[in-house]
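For reference, the chains in residue letters:
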Amino acid sequence: MTVIVPIHGPAPVPAPEPERVGVLLVNLGTPDTCDTKGVRIYLREFLSDPRVIENQGIFWKLALNGIILNTRPARKAKDYQKIWNTEKNESPLKTITRAQAEKLGASLTGRSHLVVDWAMRYGNPSMRDRIEALVRQGCSRLLVVPLYPQYSAATSATVCDQAFRVLRELRAQPTLRVTPPYFRDVAYIDALANSINKHLATLPFEPEMIVASFHGMPQAYIEKGDPYQSQCVATVEALRERMGLDDKKLLLTFQSRFGFDQWLQPYTDKTIEKLAKDGVRKLAVVMPGFAADCLETLEEIAQENAEIFMHNGGEEFSAIPCLNDSDDGIDVIHQLVMRELQGWL
Ligand SMILES: C=CC1=C(C)c2cc3[nH]c(cc4nc(cc5[nH]c(cc1n2)c(C)c5CCC(=O)O)C(CCC(=O)O)=C4C)c(C)c3C=C
Ligand SMILES: [Fe+2]
Ligand SMILES: [Fe+2]
């Protein structure tokens, strides 16, 4: 380290280290273990976030601590066990997010001042842990990449909240940038179309239609101004155009309802049930709002909704994998990151 020795003054001042830029991929988070205790810890943190449950009043606190955290964890633990990565003893969301970070890092060879890392908004590795690690490695600039193609306060904004929460405790803060939602980026729409076509080519049947299922959210959040729904619509419209499909062949639905409020409609499970009852026999489902496969895609869609379809007369069902760490998936993140790093490279 170079040391500048002042002529006057009390102490030698170290020269600034060469600048490094941290790139932090962040996804939602997931339990550390697939038992009731692990899921309870995760759900407590997640459902106590006012960006997720906006009304954190006394009734919610009573319901959360009195009912939800005493009943839901055991049920959800069973669901997590069905999809758990037993080799690594972790949830698929973690395995895939790590692979995305490693492959993004590999795609940036020759740019040694870039340091790529990954974190979970809830659970581990925590954003605090990874941001502090990037700062320790000399990153004076930080690009946070919320892995959500469509913005919502419940996902993207809470990542920013947490980044600022960590930064407010640092004396020497890195300069911060956050990538924007990429719901109609050409690379993303192309990647979705490619992955759908590639997957359909592997199937022994041709689906009569494709359902594009997005994670839902309370209708009330949209009425307060959340742009999530309109960005989901824009993604599906761009995908229809790119694939030459109309709104009868590529449907838009919302999954993962929680609680008793009205959520965004049409609901995925009800739509799939009705399609089967109306005589649709072969169906494929794509989940463009998830950058990585997780409980909501691998269990809720590929297992639960497949069962609903078959139970109501369907014959062939296929859940199309998310973009994950496929070449197309990494290309989407790579292009987004390179664009948003402009001026920092
Ligand atoms: C209760 C309110 C919820 C809102 C609003 C919400 C929005 C939202 N979530 C995702 C992405 C994911 N959610 C996942 C799981 C999950 N989501 C909720 C609740 C809300 N999500 C719960 C309670 C859970 C846990 C499982 C359960 O108990 O049902 C996951 C999967 C995590 C995993 O471990 O695999 C993802 C990913 C988005 C994109 C979104 C925005 C609208
Ligand atoms: Fe969710
Ligand atoms: Fe779910």
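Residues numbered from 1 in each chain as written. Chains lettered and ligands numbered in written order. Predicted model: local features only at pLDDT ≥ 70, side-chain atom pairs only at ≥ 80, totals over all residues.

The name that an unreviewed UniProt entry assigns to the protein chain is Ferrochelatase, with the source organism given as Rhodopseudomonas telluris. In its Pathway (unreviewed entry) section, UniProt records this for the protein chain: "Porphyrin-containing compound metabolism; protoheme biosynthesis; protoheme from protoporphyrin-IX: step 1/1." In the Sequence similarities (unreviewed entry) part of its UniProt record, the protein chain is described as follows: "Belongs to the ferrochelatase family." (UniProt positions renumbered as here; feature names shortened; annotations may be inferred.)

Engineer: Give a detailed account of the sheet that holds strand 4 (residues 114-122), specifying residues and quantitative values.
Structural biologist: Spatial strand order, 4-3-5-6: 4 strands in an open sheet with parallel pairing. Edge positions in the open sheet fall to strand 4 and strand 6 (175-178), since each of these has one partner strand only. When strand polarity is set aside, the average angle formed by the axes of neighbouring strands in this sheet is 25 degrees. Bridge analysis of strand 3 (residues 20-29) against strand 5 (residues 139-146) gives 7 bridges, and the strand direction is parallel. Its bridge partner being in strand 5, Val23 is matched across the sheet by Leu143. The sheet contacts of helix 3 (residues 92-107) involve strand 3 and strand 4, and relative to strand 4 the element is tilted by about 165 degrees. (Pairing = 2+ DSSP bridges. Helix = DSSP H or I, 4+ residues; strand = E, 2+ residues; numbered from the N terminus. Axes fitted to C-alpha atoms, helices over the stretch in contact; angles between N-to-C directions. Contact = placed C-beta atoms within 7 Å.)

Engineer: Got a sec to walk through the confidence of the model for the protein chain? Specific residues and values, please.
Structural biologist: Per-residue confidence for the protein chain gives a mean pLDDT of 96; residues scoring 70 or more make up 96%. Confidence scores differ between elements of the protein chain, with strand 1 (residues 3-4) showing the lowest mean pLDDT of 55 and strand 9 (residues 282-286) the highest of 99. (pLDDT = per-residue confidence, 0-100.)

Engineer: An account of the UniProt feature "binding site: Fe(2+)" (unreviewed entry) in the protein chain is requested, with residue identities and associated values reported.
Structural biologist: UniProt tags His215 and Glu296 as "binding site: Fe(2+)" (unreviewed entry). Maximum C-alpha separation among the annotated residues is 7.9 Å over a sequence range of 82 residues, consistent with a single clustered spot. Summarising the element assignment, His215 is placed in strand 7 (residues 209-215). When neighbours within four sequence positions are excluded, His215 is seen to be in contact with Gln255, Ser256, Gly289 and Glu296. Its place among the elements puts Glu296 in helix 10 (residues 295-311). Ignoring any residue separated from it by four or fewer positions in sequence, one finds Glu296 in contact with His215, Gln255, Ser256 and Phe290.

Engineer: Tell me about the site of ligand 1, and please be specific about residues and values.
Structural biologist: Not every one of the 23 residues close to ligand 1 is listed here, only the nearest: Thr30, Ala154, His215, Cys294 and Leu295. Looking at the shell around ligand 1, the elements with two or more residues in it are helix 2 (58-83), helix 5 (153-167) and helix 10. Grouping the amino acids of the shell around ligand 1 by side-chain chemistry returns 13 nonpolar, 7 polar and 3 charged. When residues of the shell around ligand 1 are assigned to domains, at least three fall in each of domain 1 (20-182 + 328-340) and domain 2 (186-319). (Near = placed C-beta within 6 Å. Nonpolar A, V, L, I, M, F, W, Y, C, P; charged D, E, K, R; others polar. Domains from an automatic or database assignment.)

Engineer: An account of the nonpolar core is needed here, citing residue identities and associated values.
Structural biologist: Counting residues in hydrophobic clusters, the biggest one holds 85 residues, and the most contacted among them are Leu24, Val26, Val145, Ala212 and Val285. Counting contributing residues, this core receives three or more from each of domain 1 (20-182 + 328-340) and domain 2 (186-319). With sequence-adjacent residues up to four places away left out, Leu24 is seen in contact with Asp117, Trp118, Ala119, Arg130, Ile131, Leu134, Leu142, Val144 and Val145. (Core = buried A, V, L, I, M, F, W, Y, C linked by C-beta atoms within 7 Å. Buried ≥ 20, exposed ≤ 12 C-beta atoms within 10 Å, placed from the backbone.)

Engineer: A description of the domain arrangement of the protein chain should follow, citing residues and the corresponding values.
Structural biologist: For the protein chain, the domain assignment lists domain 1 (20-182 + 328-340) and domain 2 (186-319). The straight-line distance from the C-alpha centre of domain 1 to that of domain 2 is 24 Å. On the side of domain 2, 23 residues touch domain 1, which itself brings 27 residues to the contact. Split into classes, the residues belonging to the side of domain 1 that touches domain 2 amount to 14 nonpolar, 8 polar and 5 charged.

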